[in-house]
Amino acid sequence: MPKPHRDAPGAPVAAATDPVAALGRRIRHTRTLHGLTLKSVAGTVGCSESMLSKIECGLASPSLTMLHRIAQALQTNVAELTTLAEPAFGPVLRPSQRPVVQLVAGSRREAGIRLERLIPPQRGQLLQGDIHILEPGAQTSGSIHHQGEELGFVLEGQLQLTLGDETHELQAGDSFYFSSDRPHRYRNPGTTVTRVIWVNTPPTF
C-alpha cells in the first residue's frame, strides 16, 4: 500500500495519512459510486458484511488475496484502490521516479512484499509492469485468478511460484509465463531479498 497519492475521480482527498484508513475510504467510495451494497460486495468477495464494513472504516486490513477480490467485485484493480496521486508520466521513468508500493497486508509475511512500479498506473492502460520485491519468507496469503496473461523474470534471489497444483522453484535468471486464470501464488523461500520483474495484462495490481 503506498503513501496517499491519488484519490478516485470525484472523491475528496484524504487528509489522514493512515494507509489502512485511506484504503477503506477508497473502497467505500468506489462501492457507492457503483451503487453496490455491503451485502452484495461481501457476497462476491466471500467475506462477511461486518468484515467488509471494518475494512471500509479502517479497522481491519484485507489480505492481498482479499483486496484483489474486492477490486474485482468493484470492477477495478488494486492499483486504482491504492494509488492516490496522479504521477508524472512519460516514456522514460528514472529509478528515483518510480513509485514503490508497500502493501497493506493481512499478515506479517505478506507485509514483506513491495511493488516498484515500472509503469505508473493510468486509467485505461492495457499493460502493467512492476518489480516485485519480497523480503525473506514473504508470501501471498492465498491464490488468486483472473483474466489475462502474466510473465516474469527473476532478477535476484529465489522465487517459489505455485500455479494450481504445480510448484516451481526459480532462481535469478529464470523466467516464467502463465495464463492468469490459473490460480497462482508465490513466496520467497530464501534468506535474501528476491526481486522479480512482473508484467501482466490487463492490470490487476
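Keep in mind it's a predicted model, so treat the numbers as computed, not measured.

Some details on the pattern of salt bridges
When their charged atoms lie close together, side chains carrying opposite charge are able to pair. Taken as a whole, this structure holds 6 salt bridges when the rule is applied. Close ionic contact of Arg182 with Glu166 constitutes a salt bridge, the shortest N to O distance being 3.5 Å. With Arg182 in the loop between strand S7 (175-179) and strand S8 (184-187) and Glu166 in strand S6 (residues 166-171), the pair connects residues that are 16 residues apart, well separated along the chain.

Considerations on the sheet that holds strand S5 (residues 158-163)
Strand order across the open sheet formed by 3 strands is S6-S5-S8, with antiparallel pairing between neighbours. Edge positions in the open sheet fall to S6 and S8, since each of these has one partner strand only. Averaged over all neighbouring strand pairs, the angle between strand axes comes to 20°, with direction disregarded.

Some points on the packing of aromatic side chains
As enumerated under the stated definition, the model contains 3 aromatic pairs in all. Taken together, a centroid distance of 4.8 Å and an interplanar angle of 65° make the contact between Phe176 and Trp198 edge-to-face. On the criterion of sequence distance, the pair formed by Phe176 in strand S7 and Trp198 in strand S9 (residues 194-201) is long-range, its members being 22 residues apart. Ring centres 5.0 Å apart and planes at 40° place the aromatic pair Tyr186 and Trp198 in the tilted group. Taken together, the residues span a long stretch of sequence, with Tyr186 in strand S8 and Trp198 in strand S9 at a distance of 12 residues. We note that Tyr186, like Trp198, is buried. The structure contains a cluster of three or more aromatic residues connected by ring pairs, namely Phe176, Phe178, Tyr186 and Trp198.

What counts, and at which threshold
Residues numbered from 1 in each chain as written. Predicted model: local features only at pLDDT ≥ 70, side-chain atom pairs only at ≥ 80, totals over all residues. Heavy atoms only, no water. Salt bridge = Lys/Arg side-chain N within 4 Å of Asp/Glu carboxyl O. Helix = DSSP H or I, 4+ residues; strand = E, 2+ residues; numbered from the N terminus. Pairing = 2+ DSSP bridges. Axes fitted to C-alpha atoms, helices over the stretch in contact; angles between N-to-C directions. Phe/Tyr/Trp six-rings, centres within 6.5 Å; stacked < 30°, edge-to-face > 60°. Buried < 20%, exposed > 50% of the residue type's maximum accessible area, 1.4 Å probe, protein only.

So far we have only geometry, and geometry alone does not tell us how the molecule works.
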